[in-house]
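An overview of the molecular structure
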Amino acid sequence: MCITKTAKIIAINKNKAIVEIDGKKEEIRIDLVDVGVGDYVYCASGMALEVASDNNGNR
Amino acid sequence: MEIDENSRTLFMKYALPCAGTLVKRGNVRQQYIDELIECVKLNKKIPKDAEKMFKVAFAACSLIAIDSGKKTIDESIVRKYFLSKHDEVIDKRYVEMGDFNPDMCRVRKCIAERIENGFAFVGKRRFRTDFVPYVKNGDNVITHWDFIVETSE
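Some remarks on the domain arrangement of chain B
Residues and elements named next belong to chain B.
- One can read the domain layout of chain B as domain 1 (2-97) and domain 2 (107-152).
- The gap between the C-alpha centroids of domain 1 and domain 2 is 19 Å.
- Where the side of domain 1 that touches domain 2 is concerned, the elements lending two or more residues are α1 (8-15), α3 (30-41) and α5 (75-97).
- If one sorts the elements of the side of domain 1 that touches domain 2 by residue count, α5 sits on top with four residues.

As structure tokens, then:
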């Protein structure tokens, strides 16, 4: 079962990013990952936890 | 972000009570959780990086440490997360996952009303005392799921 959702980074402002998750936009903290616009991250509760290689689903 | 060696036990005391959700999701085996509970209970060395299975709690502690200007997670950060931020994070997780009881997952301060057969009772709820074998009637305690995490002032 999934523990995190995959999100695409749409925009970055310092340690926060606007991401798209399941078609919805959301602001998350990205302090713990090194990412750029267009990258994918695994996120939960408004935090990016890990970089995802691509939009390969949730985990 | 890493956690201070001396703060790992406290992190596990707060986090292990909700490991049942990870077991239910198939992320970890119950046997491993039982072994970790024994490690904490007997004050044995906790396996390397065991706390990182609690990805959300560990990330949230890491962010609090960053915001506090700290290079590692220490006991003050662990308590700040579980006593002040955890329930808010849990509410968001419930919206995302919906596979656990958010009310059971609250971290609460209460009073141990009686101790009986190794369990502490608060009202009708019964709590394990593995992490606080010294708990007494009338002690102020912190609860999480079915565990007393620690006593408090």
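Quick word on the environment of Ala60(B)
- Tracing the backbone through its elements, the reader meets Ala60(B) in helix α4 (residues 55-67).
- Excluding residues within four positions of it along the chain, Ala60(B) makes contact with Met47(A), Tyr81(B), Lys85(B) and Val89(B).

Things to note about the nonpolar core
- Counting residues in each nonpolar core, the largest one holds 55 residues, and the members touching the most others are Val41(A), Cys43(A), Met47(A), Ala60(B), Cys61(B), Val78(B) and Ile148(B).
- A total of eight residues in this core trace back to one element, the largest contributor, which is α4(B).
- Two domains each donate at least three residues to this core, and these are domain 1 (2-97) and domain 2 (107-152) of chain B.
- Not counting chain neighbours up to four residues away, the residues in contact with Cys61(B) comprise Ile73(B), Ile77(B), Val78(B) and Tyr81(B).

Description of the interface of chain B and chain A
- Contacts between chain B and chain A engage 15 residues on the former and 11 residues on the latter.
- Those elements giving two or more residues to the side of chain B that touches chain A turn out to be α4 and α5 of chain B.
- A total of seven residues in the side of chain B that touches chain A trace back to one element, the largest contributor, which is α4(B).

Calculation criteria
Think of each chain on its own: its residues are numbered from 1, step by step along the sequence as written. Chains and ligands are labelled sequentially in the order written, the chains with letters from A and the ligands with numbers from 1. Given that the model is predicted, a residue must reach a pLDDT of at least 70 before its local features are reported, and side-chain atom pairs must reach 80 or more before they are shown or counted; all residues, however, enter totals for whole chains, interfaces and linings. The start and end points of each domain follow an automatic or database-based domain assignment. Strands here are runs of E lasting at least two residues and helices are runs of H or I lasting at least four, both read from the DSSP assignment and numbered beginning at the N terminus. We call two residues in contact if the C-beta atoms placed from their backbones are at most 7 Å apart. Note on terminology: a nonpolar core is any set of buried Ala, Val, Leu, Ile, Met, Phe, Trp, Tyr and Cys residues joined through C-beta atoms within 7 Å. With C-beta atoms placed from the backbone, the exposure class of a residue follows from how many other C-beta atoms lie within 10 Å of its own: 20 or more, buried; 12 or fewer, exposed; in between, partly exposed.

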